[in-house]
Amino acid sequence: KEYIYLHLFEEITLQHIAKGTGYNPHYLSQLFKKETGLTLMNYIQRERIEEAKKLLDHSSDTIARIGARLTFYDQAHFIKVFKKYVAITPRQYRNRHKI
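What this report covers is the structure whose coordinates are included nearby. Computed from a predicted structure; not experimentally measured. (Residues numbered from 1 in each chain as written. Predicted model: local features only at pLDDT ≥ 70, side-chain atom pairs only at ≥ 80, totals over all residues. Heavy atoms only, no water.)

**Side note on the packing of helix 4 (residues 40–58) against helix 6 (residues 75–86)**
This is how the line gets drawn: Here the axes come from fitting lines to C-alpha atoms, over the contacting stretch only for helices, and the angles between their N-to-C directions go from 0 to 180 degrees. Only DSSP runs of H or I reaching four residues or more are called helices, and only runs of E reaching two or more are called strands; each is numbered from the N terminus. An angle counts as roughly parallel when it lies under 35 degrees, as roughly antiparallel when it exceeds 145, as roughly perpendicular when it falls between 65 and 115, and as oblique in every other case. Note on contacts: a residue pair qualifies if any of its non-hydrogen atoms lie within 4.5 Å across the two residues. Just so you know the grouping, Ala, Val, Leu, Ile, Met, Phe, Trp, Tyr, Cys and Pro go in nonpolar, Asp, Glu, Lys and Arg go in charged, and all remaining residues, Gly too, go in polar.
Following both chains from N to C, one finds helix 4 and helix 6 inclined at 95°, their axes separated by 10 Å at the closest point. In terms of axis orientation, helix 4 runs roughly perpendicular to helix 6. Between helix 4, through Asn42, Gln45, Arg46, Ile49, Ala52, Lys53 and Leu56, and helix 6, the contact on the second element is made entirely by His77, Phe78, Val81, Phe82, Lys84, Tyr85 and Val86. In terms of residue class, the contact of helix 4 with helix 6 is built from eight nonpolar, three polar and three charged.

Here it is as structure tokens:
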């Protein structure tokens, strides 16, 4: 989890993490899900969305820039994943306190 947190702004793959831990990728994936209840990739997405929420609250970066910084494929993919975890779009999240 610490490795993931420290590398949120980089591409993270199961194979890369497995190599760093010395575990077989399939075994690491099973172990991670057993311990956390989430697949490794779902955990990474969730952590990136939590970071995106902080950036939306505390920076003036565009939504596209935030998505790109967190290594989402494109803005549409970022919006889709954000909405999956937060139930609103990044724009709605950023504007939620504006009157």
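After presenting the structure, the write-up continues.
**Describing the side chain of glutamate 51**
Tracing the backbone shows glutamate 51 in helix 4. With near-sequence residues (within four places) excluded, glutamate 51 lies in contact with Leu8, Phe9 and Leu70.

**Some points on the nonpolar core**
In plain terms, the rule: By nonpolar core we mean a set of buried residues, namely Ala, Val, Leu, Ile, Met, Phe, Trp, Tyr and Cys, connected to one another through side-chain atoms within 4.5 Å. Burial here depends on accessible area, computed with a 1.4 Å probe over protein chains only, as a share of the maximum for the residue type. Under 20% is buried, over 50% is exposed, and the range in between is partly exposed.
Grouped together as the largest cluster of nonpolar side chains are 23 residues, with contacts concentrated most on Ile4, Ile17, Leu40, Ile66, Leu70, Phe78 and Phe82. Breaking this core down by element, the ones donating at least two residues are helix 2 (14–21), helix 3 (25–36), helix 4, helix 5 (63–69) and helix 6. Of the residues forming this core, the biggest block, seven residues, is contributed by helix 4. Excluding residues within four positions of it along the chain, isoleucine 17 makes contact with Tyr3, Ile4, Ile12, Leu28, Leu40 and Ile44.

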